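If you want the building blocks of each chain, they are given just below.
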There are 2 protein chains.
Amino acid sequence: MTRLFNDPTQFKEEMIGGFTLAYSRYLRRVPDAAGVMALGAPQPGKVAVLIGGGSGHYPVFAGYVGKGMADVAVIGDVFTSPSGEQIYRCTKAVDGGAGVLYTYGNYSGDVLNFGMAEMRCQNEGIDVRTVTVTDDVASAEDVEDRRGIAGDFFMIKTAGASAARGDSLDDVEALTRRANDRTRSFGIAFGGCTLPGQSEPLFTVDPGKMELGLGLHGEPGIKSADMASASEIARMMVDIVLADAPADAGHKVAVLLNGLGSTKYEELFVLYKDIHAQLEASGLALHNPLVGEFAGSLNMAGCSLSLLWLDDELQALYDAPASTPAFTHL
Amino acid sequence: MTRLFNDPTQFKEEMIGGFTLAYSRYLRRVPDAAGVMALGAPQPGKVAVLIGGGSGHYPVFAGYVGKGMADVAVIGDVFTSPSGEQIYRCTKAVDGGAGVLYTYGNYSGDVLNFGMAEMRCQNEGIDVRTVTVTDDVASAEDVEDRRGIAGDFFMIKTAGASAARGDSLDDVEALTRRANDRTRSFGIAFGGCTLPGQSEPLFTVDPGKMELGLGLHGEPGIKSADMASASEIARMMVDIVLADAPADAGHKVAVLLNGLGSTKYEELFVLYKDIHAQLEASGLALHNPLVGEFAGSLNMAGCSLSLLWLDDELQALYDAPASTPAFTHL
C-alpha cells in the first residue's frame, strides 16, 4: 500500500516537487503547469515530444524526460488523466516551432483531454500530431481499441531518438506509429495496489490465483487462472504475445520484461530465463533485453512482457543514446 | 510476496541464468562459480573490484557489474552469504595481477566467508584487500560494528571508478575506505518480505506502525513507532543521519533515497521533497541526488536515506562514467 504521503490531495504536487528537486540536472518544472520539461527545451527548430498521463506509473512518464527521450511530461493525479488545460500549457511551453508529437496510452480520459489540447494548439498554429499507444493484446481484439501498457517505453524511446537527431514532425510521427504497429504486450497481475490515503486496495486477486491480461488500473482481464510456476507463466506469456505478432515484421525483437511494483527483480530474472529460451526457440533474435521496472502501477504485484519487432531504422533509434532520470543509455 | 519461481531450491541458479541471458552485453557467468563477471575482465594490470552477498537485494549486487563499477559479483542464496569456495573461485577468475578489492556489507556470515577466501587467495599470492560497508547508524554504536545497507552503492561506485582509472590497490582500498568512513544511512520498514516458496513473511510490522532502523533481513531496529506523515518521517531520518555526521567532512553530500521493494517511486519523491529542503536548511550542498531502488529486500516495504560526504577526489569518482545493468552514468 501507499504509506508515504501528507495530505493525499497534495500527493501529486508534492511528488512533482520532490522529483524536480532530485533531478534538476535533467529537467525543471513547467511554469504554471503540472508538468516537467527537459533542460534545454524548447529547442528552436526541433520537434518536441510530449508524453503524459496519470501518475502512479513511474518511471512512466516523468522518469523519461531528458536527452534523447521526451521533452516534456504532463502529470495527472494518481491513475487520472491530466486535464486538457495542463496539456495545452505544456505544449505551449515546449514547442520550438517545429511541431509537437504527443504519444500516450490509449485510455478514454487521456484521449479526450489530449485530443482537446491538440485541437486548441492546432487552432493556434502549433502543428501537433498524436500516436496513441495500443500494445496490450489482452485489452481488445481490434488493435486501435487496445490500451497502452509498458510498450509505452518503446514509443517514447523511438519518438525521442527520432526528434533528437533532427527528424521532421512527419518522420517522428511515422516512425513512432511504426513502432506502435510493431509492439505487442501482455500482462498478468497477482494483487492490486492501494492509493494514497486509502486503506483498501483498488482490486484484489484471490490467493493462489492470477489475473491474465488485467489492466494497469484494475481494468478487467481475460480471465482468472490458478497460480502457475514461473516456467508455465513464461510459456503462456510468450505464446499469447507471439500469437498476435505483426505480419511480415522480421525476426529481430527488442524485449522488455516489466515489473509492476512489488513483483521484484529476482523473480523477473527467474521468469526471464524461460522467456528468453522460448523466444529464441521460436526463431527470434533478441536485441538488448531489458528486465526491471519501466512502467509501474504503485505497489501492484504482476508483470508484463513487451516485444518490439525491429527493423534497421527502429533499431538505430532504440540504440541511440538517452539520458533521463530513469533510463540512461550510452 | 515472492510468487514467480519454479523449484525454490533452484531460485538462485535460475535467477543467475535469466540475469546473464538478459544482460550478456555487460557481463557473463563466472565459469564453475555462482557469480557474474564484467565483459573484458580480468584485465591485466587493473585492480579488480569484487562485491557480493546474499541475493534478494537486487540491484545489489549483480546489477552493478560492468564498466566503472564492479568487475565481479558473487551471488549467495536469498539473504545468505555466498560460500568461501565461491568467493575464492570468483577472485581467481577476476584477478588481473594487480590485486583484488573486496567490498561487501558487514554481516557475520559474509565476514566469515569473504575472510576465508581472502586468506586462501593471499596464500596463493593474490593481493586481496577488504573494505566492509558499515553505513547503517541504527545497527550499533561503534562504527565498526555497524552493518551495511544501501550505502553499499557509494562504495561500489567509488571502488569501481578508482580501479577503472588505473589506481593502485593501495589507492583503491584507501579511497573506498574513505568513502565508507564518510557514509551514513538510516532506514525504516513498514512490512516484511516473503521468501520464494514460503507463505508467511519473514517478519511483520503491526498495522499503523513503522520500525525504525530495522535491518534488510528483519534484524531488530531501534524501536517501533506510530506511523507518521511523510514530512515527519523526513525530519526524523535527516535528524538521525546528521546527528551521526562524520567529523570535519565538509558540506557537500551525495544523497541516496532508497526504496526497499514495495514502497514505490512516487512515495519516495513525496518524502524526498522534505528531505531535500531539510538537508539544504542544515547547510549542506546536495550533489546529484538519486531517488529509486538501489539496494532492495525483495518486496519489503520501507526505505532508507544515505549520505556520502564528498571531497574533491570522492566527487570525481562519484561523477565518473559507469555502465552496468542497473546503473548507467554518462
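The preceding data block contains the structure.
Residues numbered from 1 in each chain as written. Chains lettered and ligands numbered in written order. Predicted model: local features only at pLDDT ≥ 70, side-chain atom pairs only at ≥ 80, totals over all residues. Heavy atoms only, no water.

*Asks:* Even after reading the chapter, I still don't get the overall build of chain A, so can you show me in this structure?
*Replies:* Scanning chain A from N- to C-terminus turns up 8 helices and 14 strands. By the compact-globule yardstick of 20 Å for 330 residues, chain A fits well, its C-alpha radius of gyration being 19 Å. Within chain A, the proportion of its 330 residues that are buried is 65%. In chain A, once contacts between residues fewer than 6 apart in sequence are set aside, the share between residues at least 24 apart is 73%. Measuring between centres, the 25 positive side-chain charges of chain A sit 4 Å from its 42 negative side-chain charges. (Helix = DSSP H or I, 4+ residues; strand = E, 2+ residues; numbered from the N terminus. Rg over C-alpha atoms; globule rule 2.2 N^0.38 Å. Buried < 20%, exposed > 50% of the residue type's maximum accessible area, 1.4 Å probe, protein only. Contact = heavy atoms within 4.5 Å. Lys, Arg positive; Asp, Glu negative; His and termini not counted. Charge placed at Lys NZ, Arg CZ, Asp CG, Glu CD.)

*Asks:* Looking at this structure, I do not really get the relation of the copies chain B and chain A. What am I missing?
*Replies:* For the pair of chain copies, the relating transformation is a rotation about an axis with a translation along it. Overlay of chain B on chain A (RMSD 0.0 Å): rotation 180°, translation along the axis 0.0 Å. What the rotation and shift describe, once combined, is the action of a two-fold rotation axis. No C-alpha of chain B approaches the rotation axis more nearly than that of Ser-262 of chain B, which lies at 2.4 Å. Looking at the interface residues of chain B, 100% of them are also at the interface in chain A, so both copies use one shared face. (Least-squares fit on C-alpha atoms with pLDDT ≥ 70 in both.)

*Asks:* Looking at this structure, I do not really get the pairing of strand S12 (residues 301-309) of chain B. What am I missing?
*Replies:* Residues and elements named next belong to chain B. With 9 of its 9 residues buried, S12 lies for the most part within the structure. Burial along S12 is two-sided: Ala-301, Cys-303, Leu-305, Leu-307 and Trp-309 facing one way and Gly-302, Ser-304, Ser-306 and Leu-308 facing the other are all buried. Two strands pair when backbone bridges link them, and strand S10 (residues 252-259) and S12 are joined in this way by 7 bridges, in the antiparallel orientation. Counterpart to Leu-257 in the pairing with S12 is Leu-305. (Pairing = 2+ DSSP bridges.)

*Asks:* Quick question: what am I supposed to make of the packing of helix H4 (residues 152-164) of chain A against helix H8 (residues 312-319) of chain A here?
*Replies:* Think of two packed helices as two axes; the pair is described by the angle between the axes and how far apart they sit. All names here are of chain A. Contact geometry for H4 and H8: axes closest at 8 Å, N-to-C directions at 90°. With respect to their mutual orientation, H4 and H8 come out roughly perpendicular. Taking contact as the criterion, the partners of Phe-153, Phe-154, Lys-157, Thr-158, Ala-161 and Ser-162 in H4 are, on H8, Leu-314, Leu-317 and Tyr-318. (Axes fitted to C-alpha atoms, helices over the stretch in contact; angles between N-to-C directions. Parallel < 35°, antiparallel > 145°, perpendicular 65-115°, else oblique.)

*Asks:* Could you clarify how one ought to interpret the layout of surface pockets in this entry?
*Replies:* A water-sized probe rolled over the atoms picks out the places where empty space is left. Size it by volume and the largest pocket reaches roughly 1100 Å³. Around the largest pocket sit 41 residues that line it, and Met-1 and Asn-299 of chain A together with Met-1, Arg-3 and Asn-299 of chain B are the ones nearest its centre. The class makeup of the residues in the lining of the largest pocket is 18 nonpolar, 17 polar and 6 charged. By volume, the second largest pocket is sized at about 910 Å³. Lining the second largest pocket are 43 residues; nearest its centre among them are Pro-325, Ala-326 and Phe-327 of chain A together with Ala-326 and Phe-327 of chain B. If you list the elements that add at least two residues to the lining of the second largest pocket, you get strand S11 (285-292), H8 and strand S14 (328-329) of chain A together with strand S11 (285-292), helix H8 (312-319) and strand S14 (328-329) of chain B. Counted by class, the lining of the second largest pocket contains 25 nonpolar, 11 polar and 7 charged residues. (1 Å grid on protein atoms, 1.4 Å probe; cavity = no way out; pocket = protein on both sides within 12 Å on 5 of 7 lines; lining within 4 Å. Points joined across faces, edges and corners; volume = space filled by probe spheres on them. Nonpolar A, V, L, I, M, F, W, Y, C, P; charged D, E, K, R; others polar.)

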